[in-house]
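Here is what each chain is made of, one letter per residue.
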Amino acid sequence: MQIFDKLPRMALAHLPTPMMPLPRLSHEYGGPPLWIKRDDLTGLATGGNKTRKLEFLIADAVGRGCDTVITAGGPQSNHCRQTAAAAAIAGLDCHVVLGGDPQPPVGNLLLDELLGATVHWTPKPNRNARMWELANELAAAGRRPDVIPVGGSNALGAVGYVAAMFELVDQLRATGAAGPHIVFPTSSGGTQAGIVLGARLAGYEGRITAISIDQVPDEQIPDNRADERFLAQVAGVANDAAGRLGADVSLAAGDFVVNYDYLGAGYGVVGALERDAIRRLARAEGILVGPVYSGRALGALLDLAAQGYFADDPAVLFWHTGDESALHAYAHDLA
Ligand SMILES: *Cc1c(COP(=O)(O)O)cnc(C)c1O
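Asker: An account of the overall build of the protein is needed here, citing residue identities and associated values.
Answerer: Across its full length, the protein holds 11 helices and 10 strands. Relative to the 2.2 N^0.38 estimate, which gives 20 Å for 335 residues, the radius of gyration of the protein is 19 Å and therefore close to what a compact globule would have. Expressed along its principal axes, the backbone C-alpha trace of the protein runs to roughly 60 × 50 × 45 Å. Here the protein holds 335 residues, and the buried ones make up 56% of them. Here the analysis covers contacts within the protein between residues at least 6 apart in sequence; of these, 77% occur between residues at least 24 apart. Roughly 13600 Å² of accessible area belongs to the protein as shown, and the carbon and sulfur atoms make up 52% of that amount. Taking the 26 positively charged and 36 negatively charged side chains of the protein as two groups, their mean positions are separated by 2 Å.

Asker: Account for the packing of aromatic side chains, naming residues and giving values.
Answerer: A full pass over the atoms with the stated rule returns 4 aromatic pairs. Between Phe-4 and Phe-166 the ring centres are 5.7 Å apart and the planes differ by 85°, which places this aromatic pair in the edge-to-face class. Taken together, the residues span a long stretch of sequence, with Phe-4 in the segment before strand S1 (19–21) and Phe-166 in helix H6 (residues 155–175) at a distance of 162 residues. A centroid spacing of 5.9 Å and a plane angle of 70° characterise the contact between Tyr-267 and Tyr-293, whose relative ring orientation is edge-to-face. Placement of the pair is Tyr-267 in the loop between strand S9 (258–259) and helix H9 (272–285) and Tyr-293 in the loop between H9 and helix H10 (294–306), with a sequence separation of 26 residues. The lysine or arginine in question, Lys-50, covers the ring of Tyr-293, its NZ or CZ lying 5.8 Å from the ring centre. We note Arg-207 situated over the ring of Tyr-309; from NZ or CZ to the ring centre the distance is 5.1 Å.

Asker: Can you lay out the sheet that holds strand S10 (residues 316–320) for me, pointing to particular residues and giving the numbers?
Answerer: Across the sheet, 6 strands lie side by side as S1-S2-S10-S7-S8-S9; this open sheet has mixed pairing. For this open sheet the edge positions go to S1 and S9, each flanked by a neighbour on one side alone. Across 5 bridges, the pairing between strand S7 (residues 181–186) and strand S8 (residues 208–212) is parallel. Bridge pairing links Thr-186 to Ser-212 in S8.

Asker: Before we move on, could you go through the packing of H6 against helix H7 (residues 190–202) and cite the residues and values that matter?
Answerer: Contact pair H6 / H7: the axes reach a minimum separation of 7 Å and the direction vectors enclose 45°. By the angle between their directions, the pair H6 and H7 is classed as oblique. In this structure, H6 crosses over H7, and the sense of that crossing is right-handed. In this structure, H6 uses Ala-158, Tyr-161, Val-162, Met-165, Phe-166 and Val-169 to contact H7, whose residues at the interface are Gly-190, Thr-191, Ala-193, Gly-194, Ile-195, Leu-197, Gly-198, Ala-199, Leu-201 and Ala-202. Here the residues of the contact of H6 with H7 are counted per class, giving 12 nonpolar, 4 polar and no charged.

Asker: I'd like to hear about the nonpolar core, residue by residue, with values.
Answerer: Judged by nonpolar contacts, the single largest core of 65 residues is most densely connected at Leu-54, Val-69, Met-165, Leu-168, Ile-182, Phe-256 and Trp-319. Per-element accounting of this core gives the leading share, 13 residues, to H6. Ignoring any residue separated from it by four or fewer positions in sequence, one finds Ile-182 in contact with Met-165, Leu-168, Tyr-204, Arg-207, Ile-208, Thr-209, Leu-317 and Trp-319. Ile-211, Ile-213, Leu-302 and Phe-318 belong to the second largest nonpolar core, which has 32 residues in total.

Asker: Give a description of helix H2 (residues 50–63) that names residues and reports values.
Answerer: Helix length check: H2, at 14 residues, gives a terminal C-alpha distance of 19 Å against a target of 20 Å (1.5 Å per residue), a fit within 8%. Of all 14 residues making up H2, 11 are buried, and the element is well covered by its neighbours. Close packing links the buried residues of H2 with strand S2 (34–38), strand S3 (68–73), helix H3 (78–90), strand S6 (145–147), H6 and H7. Trailing H2 by a residue or two, Gly-65 shows a phi angle of about 80°, which is positive.

Asker: So what about the pairing of S3? Which residues, and what values?
Answerer: The side chains of a regular strand alternate, first on one face of the sheet and then on the other. Within S3, 6 of the 6 residues are buried, which leaves it mostly tucked inside the rest of the structure. What you see with S3 is no split at all: Thr-68, Ile-70 and Ala-72 on one side and Val-69, Thr-71 and Gly-73 on the other are buried throughout. Read from S3 through H3 to strand S4 (residues 93–99), the crossover connection turns out right-handed. Here S3 pairs with S6 via 3 bridges, running parallel. Note on S6: the bridge partner recorded for Val-69 is Asp-146.

Basis of the calculations
- Residues numbered from 1 in each chain as written.
- Predicted model: local features only at pLDDT ≥ 70, side-chain atom pairs only at ≥ 80, totals over all residues.
- Heavy atoms only, no water.
- Helix = DSSP H or I, 4+ residues; strand = E, 2+ residues; numbered from the N terminus.
- Rg over C-alpha atoms; globule rule 2.2 N^0.38 Å.
- Buried < 20%, exposed > 50% of the residue type's maximum accessible area, 1.4 Å probe, protein only.
- Contact = heavy atoms within 4.5 Å.
- Areas by Shrake-Rupley, 256 points an atom, 1.4 Å probe, with all protein chains shown as cover.
- Lys, Arg positive; Asp, Glu negative; His and termini not counted.
- Charge placed at Lys NZ, Arg CZ, Asp CG, Glu CD.
- Phe/Tyr/Trp six-rings, centres within 6.5 Å; stacked < 30°, edge-to-face > 60°.
- Lys NZ or Arg CZ within 6 Å of the ring centre and 35° of its normal.
- Pairing = 2+ DSSP bridges.
- Axes fitted to C-alpha atoms, helices over the stretch in contact; angles between N-to-C directions.
- Parallel < 35°, antiparallel > 145°, perpendicular 65-115°, else oblique.
- Left-handed = near helix turned anticlockwise from the far one by under 90°.
- Nonpolar A, V, L, I, M, F, W, Y, C, P; charged D, E, K, R; others polar.
- Core = buried A, V, L, I, M, F, W, Y, C linked by side-chain atoms within 4.5 Å.
- Expected span 1.5 Å × (residues − 1).
- Right-handed = clockwise from strand over helix to strand, strands pointing away.

What follows is the structure, encoded as structure tokens:
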């Protein structure tokens, strides 16, 4: 695709990821034909959505002469695990700042260590400050660190999902599947910014609904318009990404649809919604979704289907963002 040619990109993902029907689940879930886009199979030390962002983020860091990357996330961060793997491929040192108290090395946290990342613990609200503090310490020691924001959700990261949307449109065209309603989890918003911008640039006309996985950022702000703040931030990232691509489009908060109805007991708290969704997909199709993001978003999709939310859509596409590597860390909650 020509618009991507001017940005440096490092091949990290196995692309295109498969897009396939879910025949048995389609039959039983009560909505139009159901498809899945397998970004759990991007292949970077298991897989996941951050791999597409990191193709642009890591290439940029290398291009600017950096020798170290710093990023942040939760204790079971898929983003940190994929960043650690990408850094290993690129020959960069990797530091991950994890919010919370030190935890036993299971799931993604075990993989971070196996992949050679240095783990730093800090209270969650302090993650950004700790990343910049580390960057200063490393720079003072003669290193050249690059700070990648939480979730890799800046303009360059979002470009990975603009490209992904073009990839999906090609696959839909090849299979003759009509513009499905796309459903996926959203958290730091870069994936959503890229998908919605990509849809606009590729002329995609199907609906797009993001399922919020965590409380919206800035939940402490007094006027309680955190949802609007989040959408303004996502639109800003999308518009910065459009600028990077030299595309003359502008998106507004109203171009993004986020559903906040499935937050349950909060980020990373597994409940019946996730437990049931994980089992239903596994038993109908032999595919695993994760406990924190994809399990919650699939649970939301199944519940929305039961309410008739997809009645006007020709099909539904679940975009699997890849977090089954966290399953074992939640074994106790999933049993
Ligand atoms: C990070 C992540 C998301 C959310 O993507 P954002 O770009 O941060 O909104 C969804 N699913 C999984 C598995 C993730 O790791």
